[in-house]
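# Observations on the three-dimensional arrangement
For reference, the chains in residue letters:
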Amino acid sequence: MIKRIFALLIIFNLTACAELQQVVDSLPQGTGGVIGNADIAAGLREALDTGIEKQVTKLTAEDGFFKNELVKIVLPEELQKVDSALRKIGLSSLADEGLKVLNRAAEDAVSEATPIFVNAVKDITFDDAKNILLGEDDAATSYLTSKTQTELYSKFKPVINNSFSKVGADQIWSNLITKYNNIPLTNNVNPDLTDYVTQEALKGVYTMIAVEEKEIRTKVSSRSSDLLKKVFAMQD
């Protein structure tokens, strides 16, 4: 009996998924009063552009990373022992400054690199736009991440490297690590902070886009244009 019920549930779920896909596939392709695939793709791109405009630009302000708990860059595991050891010997202010400048470098880099990200969004063709629309709350962001992360990393990293010099992070961390390495009975460290902050900056960018995508998907009041209202009404 249990097996029969389980089998019926599977058939029901498969049927529901098939019917949902049938509805999606039958969406009209024209323009005017109906909404077609081109409108769906345009709506998804607009949602991502809105995420960049409203959320990612916040990261470029002073403390945009440092005071945003969603994206704040904390020390990598290797440097947590550096932070702890310096605080134990009375160098808390230096440790605090070291953490802050990592976030400053990310804030500075996102400011310079955001136009690259905007262009990447414009170039995206959502071949599977309908599936994204009916996906999870961060489906468009996940798709964007998979398509742009490698390219954006190569763009962000040199900017982060330059930002380290611009905000003085390289000098501060050179001084901080030198002091740590001179503490008796500690193992010397030489972390690749450029790579680490680049990865964290990218993660922060995608996190904030996902925040806005979820807002648009779940709150009608966040759909700021007729196109967004039309497109995302389909997934309500």
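Read on for a plain summary of the structure. Here the structure is a predicted model, which is why all the values come from computation and not from measurement.

The rules we used
Residues numbered from 1 in each chain as written. Predicted model: local features only at pLDDT ≥ 70, side-chain atom pairs only at ≥ 80, totals over all residues. Heavy atoms only, no water. Helix = DSSP H or I, 4+ residues; strand = E, 2+ residues; numbered from the N terminus. Polar contact = N/O pair within 3.5 Å; in protein donor to acceptor, adjacent residues only side chain to side chain. Contact = heavy atoms within 4.5 Å. Core = buried A, V, L, I, M, F, W, Y, C linked by side-chain atoms within 4.5 Å. Buried < 20%, exposed > 50% of the residue type's maximum accessible area, 1.4 Å probe, protein only. Arc of directions from axis to C-beta. Salt bridge = Lys/Arg side-chain N within 4 Å of Asp/Glu carboxyl O. Phe/Tyr/Trp six-rings, centres within 6.5 Å; stacked < 30°, edge-to-face > 60°. Lys NZ or Arg CZ within 6 Å of the ring centre and 35° of its normal.

Checked against the element boundaries, Glu-213 lands in helix H8 (residues 193-218). Engagement of the side chain of Glu-213 in a polar contact is seen with the side chain of Arg-217, the distance being 2.9 Å. Beyond its immediate stretch of four places on either side in the chain, Glu-213 contacts Glu-136, Asp-137, Asp-138, Ala-139, Ala-140 and Thr-141.

In this structure, Phe-117 and Trp-173 are the most contacted members of the largest nonpolar core, which totals 62 residues. Looking at this core, the elements that each hand over two or more residues are helix H2 (37-54), helix H3 (77-88), helix H4 (92-123), helix H5 (129-133), helix H6 (139-167), helix H7 (169-181), H8 and helix H9 (226-233). A per-element tally of this core places H4 first, with 11 residues. When residues no more than four places from it in sequence are discounted, the contact partners of Trp-173 are Leu-75, Leu-79, Gly-98, Leu-99, Val-101, Leu-102 and Leu-193.

Here we come to the side chain of Asn-68. Of note, Asn-68 is situated in the loop between H2 and H3. The class for Asn-68 is buried, based on a relative accessible area of 18%. From its side chain, Asn-68 meets the backbone nitrogen of Leu-70 in a polar contact 3.0 Å long. Discounting residues that sit within four places of it in the chain, Asn-68 has contacts with Leu-59, Asp-63 and Met-208.

Right, let's get into the environment of Ala-169. Along the chain, Ala-169 turns up in helix H7. The exposure class of Ala-169 is buried, given its relative accessible area of 1%. Separated by 70 residues in the primary sequence, Ala-169 and Leu-99 have C-alpha atoms spaced 9.3 Å apart.

With that out of the way, let us pick up H9. Along an α-helix, a turn takes 3.6 residues, which lines up residues three or four apart on a common side. Leu-228, Val-231 and Phe-232 are the residues of H9 that are buried. When H9 is viewed along its axis, its buried side chains cluster within an angular range of 85° and face the same direction. Of the surrounding elements, those touching the buried residues of H9 are H2, H5 and H8.

Let us now look at unusual backbone geometry. As a rule of thumb, non-glycine residues mostly have phi less than zero, and peptide bonds are mostly trans rather than cis. One non-glycine residue, Asp-63, lies in the positive phi region at around 70°. Of the residues examined, Asp-63 reaches a relative accessible area of 17% and is grouped as buried.

Another point: the pattern of salt bridges. All told, the structure shown has 10 salt bridges when counted by the stated rule. The closest approach of N and O atoms between Glu-215 and Lys-219, which form a salt bridge, is 3.3 Å. Under the relative-accessibility criterion, Glu-215 is labelled partly exposed at 27%. Each member of the salt-bridge network shares a partner with another, and the members are Glu-62, Asp-63, Lys-67, Arg-104 and Glu-107.

The tally for this structure, following the rule as stated, stands at zero aromatic pairs. Taking the ring centre of Phe-66 as reference, the NZ or CZ of Lys-72 above it sits at 4.8 Å.

On to the environment of Val-220. Along the polypeptide, Val-220 turns up in the loop between H8 and H9. Note on Val-220: relative accessible area 53%, which makes it exposed. Note: C-alpha distance between Val-220 and Ala-233 (13 residues apart in sequence) is 8.2 Å.

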